[in-house]
Amino acid sequence: MEPNKGLSQTLRVLGMRKFYRFISAWGWRRWSSSVTFADVQIPCEPLSVGARLYSLQQSEEKPLIVYIHGGGWVMGDLETHHSFCMALGEASTCNIIALDYRLAPEHAFPAAHDDCLAATSWLLDHARDIVPCNGKLIIAGDSAGGNLATCTTLELDAKLRDKVIGQLLIYPATDHYSAGTGSYVVKAKGQLLTSSMMLWFWDTYLGSASSTEPMTQRAFPARSESLAEQPPTLLITAEGDPLRDEGRAYAEALENAGVATSYHHFANADHGFACSEGPTADHVLFINQCRTWLETVTA
């Protein structure tokens, strides 16, 4: 890489990370929570994975929610989704552990996938050791985190998969931009997440790998032939989003594969509304839908 190009990339990444933290903090600035939390390390192999544990209650009858933040595999972190995780915890009354997976471009594909899979696998064996729960997991994530969440459920060892009782996918990325879904064109501009930004996210995350290589196919859950093995799913899409159509198509594919799928589309919302804009009316509606869905999968 040319020195000037490398410097430009570094500055862009740092700027976007700072901006994402700012807009998330601004959106939630008037909201507060009494939920307690602590940063922990998940001692999985080959590397430990950082995480933040949100403690909501002491009941052993609830599952543990594993939350995987969005941000294009590049710019999200535990801070950008801190308030949202507390809000989700209050609504679900489940303990939540948010994963601090490695980010690109410092750690390109498949680092994030490997971190999430290793951490989730460890938690499926040891969840009760770190927090009161019933030993079951719900895997959740937004955007790139939704991608990592559903890719994780697809790759879990069969002996562990039965312990995952649901997945919550919030406007997930499910295929490479080369798939050419219509919303990449009709929703290319006009909102914070643009099509050109998604192209940059994918290119930055995959690094030197091609979207056609066999090794990268695990990053594209829409191409999986094992969707029937997925747990009951709540999938959310937003109208103002280049990922709109692939999210909708993924919900249909899950349903066609026999997966119990609840799909909700927010016709007046943009990508990011659920996690980054604070307690807006659409966020509140989304949270209520989550609460209802969680009641059905945990009953």
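Structural data are supplied above this passage.
What counts, and at which threshold
Residues numbered from 1 in each chain as written. Predicted model: local features only at pLDDT ≥ 70, side-chain atom pairs only at ≥ 80, totals over all residues. Heavy atoms only, no water. Helix = DSSP H or I, 4+ residues; strand = E, 2+ residues; numbered from the N terminus. Polar contact = N/O pair within 3.5 Å; in protein donor to acceptor, adjacent residues only side chain to side chain. Contact = heavy atoms within 4.5 Å. Expected span 1.5 Å × (residues − 1). Buried < 20%, exposed > 50% of the residue type's maximum accessible area, 1.4 Å probe, protein only. Arc of directions from axis to C-beta. Axes fitted to C-alpha atoms, helices over the stretch in contact; angles between N-to-C directions. Parallel < 35°, antiparallel > 145°, perpendicular 65-115°, else oblique. Left-handed = near helix turned anticlockwise from the far one by under 90°. Nonpolar A, V, L, I, M, F, W, Y, C, P; charged D, E, K, R; others polar. Disulfide = S-S within 2.5 Å. Pairing = 2+ DSSP bridges. Core = buried A, V, L, I, M, F, W, Y, C linked by side-chain atoms within 4.5 Å. Phe/Tyr/Trp six-rings, centres within 6.5 Å; stacked < 30°, edge-to-face > 60°. Lys NZ or Arg CZ within 6 Å of the ring centre and 35° of its normal.

Asks: Explain the side chain of threonine 237 to me, please; I cannot follow it from the model alone.
Replies: Examined against the element boundaries, threonine 237 turns out to sit in strand E7 (residues 233-240). Here the side chain of threonine 237 touches tyrosine 263 through a polar contact of 2.7 Å, side chain to side chain. If sequence neighbours within four positions are ignored, threonine 237 has contacts with Arg244, Gly247, Arg248, Tyr263, His264, His265 and Phe266.

Asks: Can you walk me through helix H9 (residues 281-298) in this structure?
Replies: One full turn of an α-helix is made of 3.6 residues, so residues set three or four places apart face in the same direction. With 18 residues, H9 should reach 26 Å at 1.5 Å per residue; the first-to-last C-alpha distance of 26 Å fits that figure. His283, Phe286, Ile287, Gln289, Cys290, Trp293, Leu294 and Val297 are the residues of H9 that are buried. Projected onto a plane normal to the axis of H9, the buried residues spread over an arc of 160° and lie on a single side. Turned more than 90 degrees from where H9 packs its buried face, Ala281, Glu295 and Thr296 sit exposed. Contact partners of the buried residues in H9: helix H2 (82-92), strand E5 (137-142), strand E6 (164-170), E7 and strand E8 (261-270).

Asks: What is the right way to look at the packing of helix H3 (residues 111-130) against helix H4 (residues 144-155) in this model?
Replies: In a packed pair of helices, the relevant descriptors are the angle between the two axes and the axis-to-axis distance. Viewed as axis vectors pointing N to C, H3 and H4 meet at an angle of 60°, and their least axial separation amounts to 9 Å. Compared by their axis directions, H3 and H4 come out oblique. In this structure, the crossing between H3 and H4 has a hand that is right-handed. Across the interface between the two elements, Ala112, His113, Cys116, Leu117 and Thr120 of H3 pack against Asn147, Leu148, Cys151, Thr152 and Glu155 of H4. Residue classes in the contact of H3 with H4 are distributed as 5 nonpolar, 4 polar and 1 charged.

Asks: Just checking my understanding: could you explain the environment of isoleucine 130 for this structure?
Replies: Secondary-structure assignment places isoleucine 130 in helix H3. In this structure the C-alpha to C-alpha distance between isoleucine 130 and valine 40, which are 90 residues apart in sequence, comes to 9.6 Å. Residues contacting isoleucine 130, with those up to four places away along its chain left out, are Leu53, Ile97, Trp122 and Leu123.

Asks: Got a minute to help me understand the packing of H2 against H9 in this structure?
Replies: Interaxial distance between H2 and H9 falls to 9 Å at its minimum, and their mutual angle equals 45°. On the basis of their axis angle, the class for H2 and H9 is oblique. H2 and H9 meet at a crossing whose hand is right-handed. Packed against H2, whose contacting residues are Phe84, Ala87, Leu88, Ala91 and Ser92, the element H9 presents His283, Phe286, Ile287, Arg291 and Leu294 at the interface. Tallied by class, residues from the contact of H2 with H9 come to 7 nonpolar, 2 polar and 1 charged.

Asks: Is there a simple way to explain the state of the cysteines in this structure?
Replies: Cysteine pairs can be linked by a disulfide, which is a covalent bond between their two sulfur atoms. Under the criterion given, the structure shown has 0 disulfides. Among the cysteines around cysteine 85, which has no disulfide bond, cysteine 275 carries the closest sulfur, lying 8.0 Å off. Given a relative accessible area of 1%, cysteine 85 falls into the buried group. Free of any disulfide, cysteine 151 has its nearest neighbouring cysteine sulfur in cysteine 116, separated by 9.5 Å.

Asks: Sorry if this is basic, but what is going on with the sheet that holds E6 here?
Replies: The pairing of strands in a sheet happens through backbone hydrogen bonds and is either parallel or antiparallel. Read from one edge of the open sheet, 8 strands run E1-E2-E4-E3-E5-E6-E7-E8, paired in mixed fashion. The sheet is open, and its two edges are formed by strand E1 (36-42) and E8, each paired on a single side. Within this sheet the neighbouring strands show an average axis-to-axis angle of 20°, counted without direction. Here E1 pairs with strand E2 (residues 49-55) via 7 bridges, running antiparallel. Across the sheet, alanine 38 pairs through a bridge with leucine 53, a residue of E2.

Asks: Would you mind going over the nonpolar core with me for this structure?
Replies: In summary, soluble globular proteins display a tendency toward joint burial of nonpolar side chains. With 60 residues, the main nonpolar core has Ile42, Trp73, Leu99, Leu123, Phe201, Trp202 and Tyr205 as its most contacted residues. It is H3 that contributes the most residues to this core, 9 residues altogether. Residues within four places of tyrosine 205 in sequence aside, it is in contact with Trp73, Ala104, Ala108, Phe109, Pro110, Ala112, His113 and Leu148. Counting 35 residues, the second-largest nonpolar core is a separate cluster that includes Ala91, Ile170, Leu234 and Trp293.

Asks: Whenever I open this one, the packing of aromatic side chains confuses me. Can you help?
Replies: The relative placement of two aromatic rings is captured by the distance of their centres and the angle of their planes. Applying the stated criterion across every chain yields a total of 13 aromatic pairs. Aromatic side chains phenylalanine 273 and phenylalanine 286 sit 6.3 Å apart centroid to centroid with 80° between the ring planes, which places their arrangement in the edge-to-face category. Taken together, the positions of phenylalanine 273 in the loop between E8 and H9 and phenylalanine 286 in helix H9 put the pair 13 residues apart, joining distant regions of the chain. Each member of the aromatic cluster is reached from another via a ring pair, and the members are Tyr67, Phe84, Tyr171, Phe266, Phe273 and Phe286. Lying across the ring of tryptophan 200, arginine 12 places its NZ or CZ 4.1 Å from the centre. The positively charged end of arginine 29 is found above the aromatic ring belonging to tryptophan 26, 3.8 Å away from the centroid.

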